[in-house]
Amino acid sequence: MKNISSGKVRDIYEVDEKRLLMVVSDRISAFDHIMPNDIPQKGILLNQMSAFWFDYVSDLIPNHVLSTKLDDFPKEFQNESFQGRSMLVKKLKMLPIECIVRGYLSGSSWKSYLQTSEICGIKIQKGMKESEKLPTPIFTPSSKAHSGSHDENITFEKAIELLGEDLSEKIKSKSIEIYDKCARYALSKGLIIADAKFEFGLDNNGELIIADEILTPDSSRFWLLDTYEIGRSQDSLDKQYLRNWLSMNGYANKLPNYLPQHVIEMTKSKYLECYEKIMGQSFEVII
Ligand code: ATP
Ligand code: MG
């Protein structure tokens, strides 16, 4: 099997010229480093959420998924350890930008708003508070960094330089449409999707396809509707708990030798809570 890349979280194998196998590991990264311990079953959970959302938005855009069933994979890829955590996908020509949609003011966009009243060149009305819902979701693309460096926010004009006007307009409107539909669904399940990152690619016919992973706690920010309050940062159902633990224990810039069991369990419970709310069923039922 040809392993063409190992990201921080996923391993990718080239099946043939048309297909890839993406295997989601249980690894977790924080502050750009892979942690010394895994979060058990995190990869299965992420893979299943992503598959759910691809299907949920299939009326808006075609996706890269060919199958998530081990039985459908070519024989040499039917590895038991891939069960539940892998996707056979169409190999695409990926667009060199990450499509980020923000529905709420938080994180780096909150900081940028405080300094300039703008986010990625988009003017935002005065007087907004941290975590407040934006009047309308905004599209804030970033250029895809090579491994080891950070993605960089770019303006929409820069995206047009990279992709041309038609394609830029198309990925912008598609991204917002997808975000809108999914954010509405999540709200009905008690979760706010504060922001989301999408990646698109083109197939051999030049058709726009949504790829990578979507709307997982590794690529989006989910907040609990019950405890949501503007004017402060929110508890998000992802690795924020881990990041806080690392910061408080002096590991913001160096890797710990191991993660204590309670940190692993607490982190897992955040991912599980997100999964169970979105999927409307307990995780154990479907693995
Ligand atoms: P990080 O660990 O920081 O996310 P990464 O993005 O390089 O690093 P992965 O997310 O594991 O690592 O890698 C997935 C790579 O595969 C990305 O570069 C993504 O753009 C690419 N990709 C996703 N779907 C497809 C596809 N259908 N065809 C071709 N490439 C794809
Ligand atoms: Mg990635």
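These numbers were taken from a predicted model, which means no experiment stands behind them.

### Here we look at the nonpolar core
Among the nonpolar cores identified, the biggest contains 67 residues, and Trp53, Ile171, Ile178, Ile193, Phe198, Phe200 and Ile278 are the most heavily contacted of them. In terms of residues, this core owes the most to one element, helix H4 (residues 165-188), which gives 9 residues. Three or more residues apiece are contributed to this core by two domains, here domain 1 (2-93) and domain 2 (94-242). Setting aside anything within four residues of it in sequence, one finds tryptophan 53 in contact with Cys182, Tyr185, Ile193, Ile214, Leu215 and Ile278.

### Things to note about the sheet that holds strand S3 (residues 19-24)
Pairing in this open sheet of 5 strands is antiparallel, and the strands run S1-S2-S3-S7-S6 from one edge to the other. At either end of the open sheet lies a strand with only one pairing partner, and these are strand S1 (2-6) and strand S6 (65-67). Ignoring strand direction, the axes of neighbouring strands in this sheet form an average angle of 35°. As paired strands, S6 and strand S7 (residues 86-90) are joined by 2 bridges and run antiparallel to one another. Along S7, the bridge assignment pairs serine 67 with leucine 88. Of the strands in this sheet, S3, S6 and S7 touch helix H1 (residues 42-56), which is tilted by about 40° from S7.

### Re the domain arrangement of the protein chain
Split by domain assignment, the protein chain resolves into domain 1 (2-93) and domain 2 (94-242). Spacing between the C-alpha centres of domain 1 and domain 2 amounts to 22 Å. Across the boundary between the two partners, domain 1 contributes 27 residues, which contact 30 residues of domain 2. Buried area between domain 1 and domain 2, both sides added, is near 2,600 Å², and the carbon and sulfur share of it is 66%. The three residues of domain 1 that bury the most area against domain 2 are Trp53, Leu60 and Lys93, which together make up 24% of that side's buried surface. Our count for the domain 1 to domain 2 interface comes out at 3 salt bridges. One salt bridge connects aspartate 59 with lysine 181, and the closest N-O pair in it is separated by 3.1 Å. Counting across the interface, domain 1 meets domain 2 through 13 residue pairs in polar contact (both at pLDDT 80 or more).

### Overview of the site of ligand 1
The local shell around ligand 1 holds 17 residues, among which Lys8, Arg10, Lys90, Lys144 and Glu199 are the closest. Here a nitrogen atom of ligand 1 and a backbone polar atom of aspartate 212 are 3.2 Å apart. Considered on its own, ligand 1 offers 620 Å² of accessible surface; in the complex 75% of this is hidden by protein. Residue assignment for the shell around ligand 1 shows that the elements contributing at least two residues are strand S2 (10-14), S3 and S7. Classifying every residue of the shell around ligand 1 gives 8 nonpolar, 2 polar and 7 charged. Residues from two domains meet in the shell around ligand 1; each of domain 1 (2-93) and domain 2 (94-242) gives at least three.

The rules behind the values
- Residues numbered from 1 in each chain as written.
- Chains lettered and ligands numbered in written order.
- Predicted model: local features only at pLDDT ≥ 70, side-chain atom pairs only at ≥ 80, totals over all residues.
- Heavy atoms only, no water.
- Core = buried A, V, L, I, M, F, W, Y, C linked by side-chain atoms within 4.5 Å.
- Buried < 20%, exposed > 50% of the residue type's maximum accessible area, 1.4 Å probe, protein only.
- Helix = DSSP H or I, 4+ residues; strand = E, 2+ residues; numbered from the N terminus.
- Domains from an automatic or database assignment.
- Contact = heavy atoms within 4.5 Å.
- Pairing = 2+ DSSP bridges.
- Axes fitted to C-alpha atoms, helices over the stretch in contact; angles between N-to-C directions.
- Buried area = accessible area lost by both parts, 1.4 Å probe.
- Salt bridge = Lys/Arg side-chain N within 4 Å of Asp/Glu carboxyl O.
- Polar contact = N/O pair within 3.5 Å; in protein donor to acceptor, adjacent residues only side chain to side chain.
- Near = heavy atom within 4 Å.
- Areas by Shrake-Rupley, 256 points an atom, 1.4 Å probe, with all protein chains shown as cover.
- Nonpolar A, V, L, I, M, F, W, Y, C, P; charged D, E, K, R; others polar.

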